[in-house]
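Topology and contacts: notes
Residues per chain are reported as follows:
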Amino acid sequence: MPGIEGLAGPANEVRERLKAARGDQIIALKLENANQGYALEFAEAVRLIAPLIVGKLATRESATIERLVDVLVPQVPSPEHLLTEARMNAEARAAVLASGDWLSAAQLSEVAGFSGQNASAQPNRWKREGRIFALRRNGSDFYPGYALDPDADYRPIAGLAPVLSVFGDELDDWDVAIWFASANSFLGGAAPKDLLARAPDRVLAAAEDEIAGVLHG
């Protein structure tokens, strides 16, 4: 940090003192209608706060240099396998949503025959109880239509809860949705969602096989 000296006094005196400061940088402030005492106090006040100003400028300069360095240094490329994995996951999610099996809480409540101001709260209660799962999209939950039993007034299929219990915290909701929609070798190539209603025990066994593979790598 540069040294800082405050000079105060009549113009002719300050001018004489500045003759010795040939290589220094000078900042001059002119005080109109001020006496010498006031000028000296003002110069001292400026001298005291000047280091803070200089420090602030130095910090700003350092931050500017850092930003310039970030621009000039090439971005670290993402590993190709991560890009491939992310692309595959995005495609799987898009396929799940494109299946058209998803109902909002209001739609589910309507088909299940719930009415009243808090009708949409019932699907969320089922989710908390582990009887169904939902995908979160744009701040709203969407529930799988294949998980509802039309013979039981569109309540969650009884065989779904044991499957969700097996998955626990090992799979998130998107993983569960993709698993249900994907061809499963344990089920002879069938998608679990297509067997959930008529063969829940087979779907449960497939879920247990899936988790065994996840836990043991």
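Look above for the structure.
What this report covers is the structure whose coordinates are included nearby. (Residues numbered from 1 in each chain as written. Predicted model: local features only at pLDDT ≥ 70, side-chain atom pairs only at ≥ 80, totals over all residues. Heavy atoms only, no water.)

Another aspect to go through is the packing of helix α6 (residues 160-167) against helix α7 (residues 173-181). Axis separation between α6 and α7 bottoms out at 12 Å; the angle between their running directions is 125 degrees. Here α6 lies oblique to α7, going by the angle between them. Note on packing geometry: the crossing formed by α6 with α7 is right-handed. Between α6, through Leu160, Val163, Leu164 and Phe167, and α7, the contact on the second element is made entirely by Val176, Trp179 and Phe180. Residues belonging to the contact of α6 with α7 are distributed by class as follows: 7 nonpolar, no polar and no charged. (Axes fitted to C-alpha atoms, helices over the stretch in contact; angles between N-to-C directions. Helix = DSSP H or I, 4+ residues; strand = E, 2+ residues; numbered from the N terminus. Parallel < 35°, antiparallel > 145°, perpendicular 65-115°, else oblique. Left-handed = near helix turned anticlockwise from the far one by under 90°. Contact = heavy atoms within 4.5 Å. Nonpolar A, V, L, I, M, F, W, Y, C, P; charged D, E, K, R; others polar.)

Another aspect to go through is the pattern of salt bridges. Tallied over the full model, the rule gives 4 salt bridges. Residue Glu129 pairs with Arg131 through a salt bridge whose shortest N-O separation is 3.7 Å. The class of Arg131 is partly exposed, set by a relative accessible area of 31%. (Salt bridge = Lys/Arg side-chain N within 4 Å of Asp/Glu carboxyl O. Buried < 20%, exposed > 50% of the residue type's maximum accessible area, 1.4 Å probe, protein only.)

This brings us to the nonpolar core. Ranked by size, the top nonpolar core spans 34 residues in total, and within it Ile132, Phe133, Phe167, Trp179 and Phe180 carry the most contacts. Of all elements in the fold, only α4 (105-111), α6, α7 and α9 (200-215) reach the threshold of two or more residues within this core. Element by element, the count of residues in this core is highest for α7, at 6 residues. The residues contacting Phe133, other than those within four sequence positions of it, are Trp102, Phe142, Tyr143, Pro144, Tyr146, Leu164, Asp173, Val176, Ala177 and Phe180. (Core = buried A, V, L, I, M, F, W, Y, C linked by side-chain atoms within 4.5 Å.)

Moving on to helix α5 (residues 121-128). For α5, the full list of buried residues reads Gln122, Pro123 and Trp126. Seen from one end, α5 has its buried residues packed into an arc of 100 degrees, which puts them on one side. Those residues of α5 that are buried are in contact with α4, β3 (140-144) and β5 (155-156). Of the residues flanking the end of α5, it is Gly130, one or two places downstream, whose phi is positive at about 80 degrees. (Arc of directions from axis to C-beta.)

Let's shift gears to a nonpolar patch on the surface. A cluster of nonpolar residues, Leu29, Leu31, Tyr38, Phe42 and Val46, forms a patch on the protein surface that exposes about 440 Å² of accessible area. Here Leu31 is to be found in the loop between α1 (11-18) and α2 (36-72). Since its relative accessible area comes to 34%, Leu31 is described here as partly exposed. (Patch = residues over 30% accessible without salt bridge, like charges linked within 9 Å, V, L, I, M, F, W, Y side chains within 5 Å. Areas by Shrake-Rupley, 256 points an atom, 1.4 Å probe, with all protein chains shown as cover.)

By themselves, these figures tell us nothing about what the structure is for.
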